[in-house]
Amino acid sequence: MAKNQDTASVLAFEKKLVPSDGYMYGTQWEERNSNASQTALQLIEKSVRGTISNRLKAAIKSDPVKLNAEVEKANLQTVDSCALAPEQDTLKLHFTLKVLGGVQTPSACNNALFKESYTKAVNAYIEKESFKELGKRYALNLANARFLWRNRVGAENIEVQVNALNKNSKQSWLFDATEFSTRHFNNDDKQVVELGERIAAALSSEDDFLMLEINCFAQVGKAQEVYPSEELVLDKGKGKKSKILYSVNDIAAMHSQKLGNALRSIDTWYPEFDDAEKTAGPIAIEPYGAVTNLGKAYRTPKDKQDFYTFFDKWARGTELDRIEDEHYVMATLVRGGVFGESDK
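Conventions adopted
Residues numbered from 1 in each chain as written. Predicted model: local features only at pLDDT ≥ 70, side-chain atom pairs only at ≥ 80, totals over all residues. Heavy atoms only, no water. Helix = DSSP H or I, 4+ residues; strand = E, 2+ residues; numbered from the N terminus. Buried < 20%, exposed > 50% of the residue type's maximum accessible area, 1.4 Å probe, protein only. Areas by Shrake-Rupley, 256 points an atom, 1.4 Å probe, with all protein chains shown as cover. Lys, Arg positive; Asp, Glu negative; His and termini not counted. Charge placed at Lys NZ, Arg CZ, Asp CG, Glu CD. Expected span 1.5 Å × (residues − 1). Contact = heavy atoms within 4.5 Å. Polar contact = N/O pair within 3.5 Å; in protein donor to acceptor, adjacent residues only side chain to side chain. Phe/Tyr/Trp six-rings, centres within 6.5 Å; stacked < 30°, edge-to-face > 60°. Lys NZ or Arg CZ within 6 Å of the ring centre and 35° of its normal. Salt bridge = Lys/Arg side-chain N within 4 Å of Asp/Glu carboxyl O. Pairing = 2+ DSSP bridges. Axes fitted to C-alpha atoms, helices over the stretch in contact; angles between N-to-C directions. Parallel < 35°, antiparallel > 145°, perpendicular 65-115°, else oblique.

Considerations on the overall build of the chain
Within the chain one finds eight helices and 16 strands. Its C-alpha atoms put the chain at 70 × 60 × 40 Å along the principal axes. For the chain, the proportion of its 344 residues judged to be buried stands at 45%. With an accessible surface of roughly 18,300 Å², the chain has 46% of that area assigned to carbon and sulfur atoms. Seen as two clouds, the 45 positive and the 49 negative side-chain charges of the chain have centres 5 Å apart.

Spelled out as structure tokens, the structure:
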């Protein structure tokens, strides 16, 4: 088949894991299941007098007078913060997650021949694997409370309650997140397997879905600071706040994108994962394996480990060398995105 006949210049997939924003509440560990004891957390604005700690420009470092003046002056800041009330020791994070089927059909594809070969490849994967490995990994990232991010560190107890809300198939799971590692997915816990099978069944379907409600309780200590998402503000302007946190209707919150990033941090198949000195642990599913806070891409086209290298072969009927590479391709399609190729 000629390249111009089996190339889709317009190709897009809708994401199949759709989290809501995460809303933050304060409570006490012993009363965590009582709604009456829970209060919505609000952002607090603080003005602080700090010191200069960033590296200085070469011109300033070479001038002793300027250097002394620079390091001696105060660093005045206005920032957002968020903390539990003095009587509260537990953070509650609440969000929902919708798992959608239909990965067999792109949301946009302008090449019928490519769509036909792609659909055959997806159906073959579903028949062979049924999304079981991906479902288990998504379930483990719920069970281990990876989505808490910084709030997970230093928590004495972490409980994750997951409820399936589908009208005809309600089910509940309860996890002690401290029993599950965030560094690997070698766990066959019965509840994790059950939840993973429900997620896998929804992903494998053509038009079904699974609606999950997640309530996570982290005992972090009385009056302790907690960490909502930080807003990215490109032009803060002089005199504006240097740290702006996220809230919805005056409730401190975490971005749905940040929760989604945690849930899809299942890529342990990139080449450097087994290298103790280079590994970043499980990374989020991305076409080039980019981890922006480390300034590194773990799946580069040069090494032929990126999504497009695998996808172009697999979607046209060529079997990949490793089943792990197929898992990675399917997880990227679950992530969704625009994957078209220009024919210019």
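Some thoughts on helix H3 (residues 112-129)
Counted at 1.5 Å a residue, the expected span for H3 with its 18 residues is 26 Å, and the 25 Å between its end C-alpha atoms agrees. All of the buried residues along H3 are Phe114, Ser117, Tyr118, Ala121, Val122, Tyr125 and Ile126. Residues of H3 that are buried make contact with strand S1 (11-13), strand S8 (108-109), helix H4 (132-143), helix H5 (190-204), helix H7 (307-314) and helix H8 (323-335). Looking at where H3 begins, the residue whose side-chain oxygen comes 3.0 Å from the main-chain nitrogen of leucine 113 is asparagine 111. Among the residues trailing H3, serine 130 stands out with phi positive, at a value near 55°.

With respect to the packing of aromatic side chains
A full pass over the atoms with the stated rule returns 17 aromatic pairs. When the centroid spacing of 5.1 Å and the interplanar angle of 70° are considered together, the rings of phenylalanine 95 and phenylalanine 147 count as edge-to-face. With phenylalanine 95 in strand S7 (residues 90-100) and phenylalanine 147 in the loop between H4 and strand S9 (157-164), this pair connects stretches of sequence that are 52 residues apart. Per residue, the accessibility class of phenylalanine 95 equals that of phenylalanine 147, and both read buried. Look at tyrosine 125 and phenylalanine 131: their rings are 5.5 Å apart centre to centre, the planes differ by 75°, and that puts the pair in the edge-to-face class. Judged by its relative accessible area of 0%, phenylalanine 131 falls in the buried class. Across the ring face of phenylalanine 209, the terminal group of lysine 98 is positioned such that the distance to the ring centre comes to 5.9 Å. Here the guanidinium or amino end of lysine 296 rests over the ring plane of tyrosine 298, the centre of that ring lying 5.2 Å away.

Examining the pattern of salt bridges
For the coordinates displayed, the defined rule picks out 13 salt bridges. The salt bridge partner of glutamate 326 is lysine 128, with a shortest N-O separation of 3.4 Å. Here lysine 128 lies in helix H3 and glutamate 326 lies in helix H8, a separation of 198 residues in the sequence. Residue classification places lysine 128 among the partly exposed residues on the basis of a relative accessible area of 46%. One salt bridge in this structure joins lysine 136 and aspartate 188, with 3.1 Å as the shortest N-O distance.

Section: the sheet that holds strand S16 (residues 337-338)
One open sheet holds the three strands; their spatial order is S8-S1-S16, and the pairing between them is antiparallel. Across the chains shown, the open sheet's two edge strands, defined by having one partner strand only, are S8 and S16. In this structure, S1 lies alongside S16, joined through two bridges in antiparallel fashion. Paired with alanine 12 across the strands is valine 338, a residue of S16.

Re the packing of H7 against H8
Close contact between H7 and H8 brings their axes to 10 Å; oriented N to C, the two are set at 100°. Considered as vectors, H7 and H8 are oriented roughly perpendicular to each other. Together, Phe307, Phe310, Phe311 and Trp314 of H7 and Asp325, Glu326, Tyr328, Val329, Met330, Thr332 and Leu333 of H8 make up the contact between the two elements.

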